[in-house]
Amino acid sequence: MKQKNSSKLKLLKIPSGEDLIIGRMYIAEGKGPHATVLMLHGFPGVMMNLDLAAELQQQGWNVLVINYRGAWGSQGSFSFTHSLEDVHATLHYIKQEQAAIENRIDSERIALVGHSFGGFLALKVASLEPSIKAVASLSGANFGLFAQMLEKDPTMEAQITEVLGEGTFFLNGASVESIIEEVRTHQNEWNTFLLAPQLAVQRILLTAAMFDEELPKPYFHDPLVGLLENAGAEHLQYEVFETDHNYIDKRKEIALLLNKWLNSVLN
């Protein structure tokens with residue numbers, strides 16, 4: 001028979017807009033409340049980071065992994081705008097008293113951890129949500145930079161279209177054209193480089209992969225580190241791994257890094 005305060009894995013139905021999105025809630029052992037990580041996957045969600053969630057749970061952290069609207073069983077239509085709204089809606093949901101009690105959540109100690117597209121979401125939302133105590137972006141995307149690249153070199157659109165086309169196959173209600181239009185419309189507000197002044201007060205972890213072909217380190221990681229340092233970020237940590245975009249052979253190392261970093265910024 002399981003103890004009352006043992007670790008658990010639950011499915012949550014989280015309201016976002018007029019839809020419900022799926023959340024996998026890894027609840028740490030002990031009566032809590034526990035510091036909680038909101039884990040944000042990439043586009044379209046090849047790497048869900050469920051292994052990191054399980055490992056962090058074993059180290060005493062709650063971890064909530066969500067699927068954005070239109071992605072992997074969640075209701076509604078996928079878009080980048082909806083995904084940002086989904087993160088805000090999830091934060092609102094887990095801070096409600098009943099949800100916090102049921103899931104042993106310390107609503108005063110919440111961190112965002114995102115990979116790739118999820119890294120973009122984590123940084124953007126952290127720049128707007130002062131309640132977030134820490135944010136980690138693992139090879140995070142920058143869609144303002146993508147828009148600039150398209151303007152400078154229109155021939156890139158065919159390459160980006162191919163990548164987006166493969167991803168949207170797995171997402172409901174999304175098209176290559178709608179996503180490119182979103183990126184162009186929001187290119188300034190979705191440029192993570194421009195968020196450096198707001199993020200400088202945050203506790204931030206940035207990681208990069210040396211052999212990242214999707215979001216190359218020199219274009220997406222290095223400038224952001226420099227901009228944050230110039231903005232006076234006092235709680236910035238960054239690490240580089242000799243691996244690919246999905247950190248496929250460095251999973252244990254990433255889990256160890258995240259656990260150590262979380263202990264330094266949330267305890």
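Treat the numbers as computed from the prediction; the structure is a model and nothing was measured.

By the bridge criterion, 9 bridges tie strand 1 (residues 8-16) to strand 2 (residues 19-27) in an arrangement that is antiparallel. Bridged to Lys10 within strand 2 is Met25. Relative to strand 4 (residues 62-67), strand 2 runs antiparallel, the two sharing 5 bridges. Bridge pairing in strand 4 links Met25 to Leu64.

By size, the foremost hydrophobic cluster in this structure holds 62 residues, and its most contacted members are Phe78, Leu91, Leu112, Phe143 and Leu228. If one sorts the elements of this core by residue count, helix 4 (residues 117-128) sits on top with 7 residues. Here Leu228 is in contact with Ala196, Leu199, Ala200, Ile204, Leu206, Ala233 and Leu236, once residues within four sequence places are set aside.

Centre-to-centre distance and the angle between the planes together describe a pair of aromatic rings. One pass over the structure, following the stated rule, counts 18 aromatic pairs. Ring centres of Phe80 and Trp190 lie 6.1 Å apart, and the angle between their planes is 50°; on these two criteria the pair is classed as tilted. In this pair, Phe80 is assigned in helix 2 (residues 80-95) and Trp190 in the loop between helix 7 (176-185) and helix 8 (196-199), connecting sequence segments 110 residues apart. For Trp190, a relative accessible area of 2% corresponds to the buried category. Ring centres 5.9 Å apart and planes at 65° place the aromatic pair Phe117 and Phe143 in the edge-to-face group. Highlighted residues: Phe117 in helix 4 and Phe143 in helix 5 (residues 143-152), separated in sequence by 26 residues. Side by side, Phe117 and Phe143 carry an identical accessibility label, which is buried. Connected via pairs of aromatic rings, a cluster forms that spans Phe43, Tyr68, Phe78, Phe80, Phe117, Phe120, Phe143, Phe146, Trp190 and Phe220.

By volume, the largest pocket is sized at about 920 Å³. Residue lining of the largest pocket: 34 residues in total, with Phe43, Phe146, Val163, Glu214 and Leu215 positioned closest to the centre. Where the lining of the largest pocket is concerned, the elements lending two or more residues are helix 5, helix 6 (156-168), helix 7 and helix 9 (217-220). Each residue belonging to the lining of the largest pocket can be placed in one class, and the counts come to 23 nonpolar, 8 polar and 3 charged.

Let us look at helix 5. Extensive coverage of helix 5 is indicated by the burial of 7 of its 10 residues. Of all the residues in helix 5, the buried ones are Phe143, Gly144, Leu145, Phe146, Ala147, Met149 and Leu150. Residue Asn142 occupies the N-cap position of helix 5, its side-chain oxygen lying 3.1 Å from the main-chain nitrogen of Gly144.

Moving on, we come to unusual backbone geometry. With an omega dihedral of 0°, the bond running from Gly32 to Pro33 counts as a cis peptide bond. A cis amide bond, omega 0°, links Phe43 with the succeeding residue Pro44. The topology assignment puts Pro44 in the loop between strand 3 (34-40) and helix 1 (50-58). The phi dihedral of Asn49 is positive, around 65°, even though this residue is not glycine. Along the chain, Asn49 turns up in the loop between strand 3 and helix 1.

For side chains bearing opposite charge, pairing can occur when the charged atoms are close. Applying the stated criterion across every chain yields a total of 7 salt bridges. Note that Arg251 is salt-bridged to Asp51, the shortest N-O span being 2.8 Å. Linking Arg251 in helix 11 (residues 251-266) with Asp51 in helix 1, this pair joins segments that are 200 residues apart in sequence. Given the relative accessible area of 13%, Arg251 is considered buried. Residue Asp51 is classed as partly exposed on the basis of its relative accessible area, which comes to 37%. Arg69 is the salt-bridge partner of Asp86, the closest N and O atoms lying 2.7 Å from each other. Placement of the pair is Asp86 in helix 2 and Arg69 in the loop between strand 4 and helix 2, with a sequence separation of 17 residues. Side by side, Asp86 and Arg69 carry an identical accessibility label, which is buried. It is possible to trace a salt-bridge network through shared partners that takes in Arg69, Glu85 and Asp86.

Parameters at a glance
Residues numbered from 1 in each chain as written. Predicted model: local features only at pLDDT ≥ 70, side-chain atom pairs only at ≥ 80, totals over all residues. Heavy atoms only, no water. Pairing = 2+ DSSP bridges. Helix = DSSP H or I, 4+ residues; strand = E, 2+ residues; numbered from the N terminus. Core = buried A, V, L, I, M, F, W, Y, C linked by side-chain atoms within 4.5 Å. Buried < 20%, exposed > 50% of the residue type's maximum accessible area, 1.4 Å probe, protein only. Contact = heavy atoms within 4.5 Å. Phe/Tyr/Trp six-rings, centres within 6.5 Å; stacked < 30°, edge-to-face > 60°. 1 Å grid on protein atoms, 1.4 Å probe; cavity = no way out; pocket = protein on both sides within 12 Å on 5 of 7 lines; lining within 4 Å. Points joined across faces, edges and corners; volume = space filled by probe spheres on them. Nonpolar A, V, L, I, M, F, W, Y, C, P; charged D, E, K, R; others polar. Polar contact = N/O pair within 3.5 Å; in protein donor to acceptor, adjacent residues only side chain to side chain. Salt bridge = Lys/Arg side-chain N within 4 Å of Asp/Glu carboxyl O.

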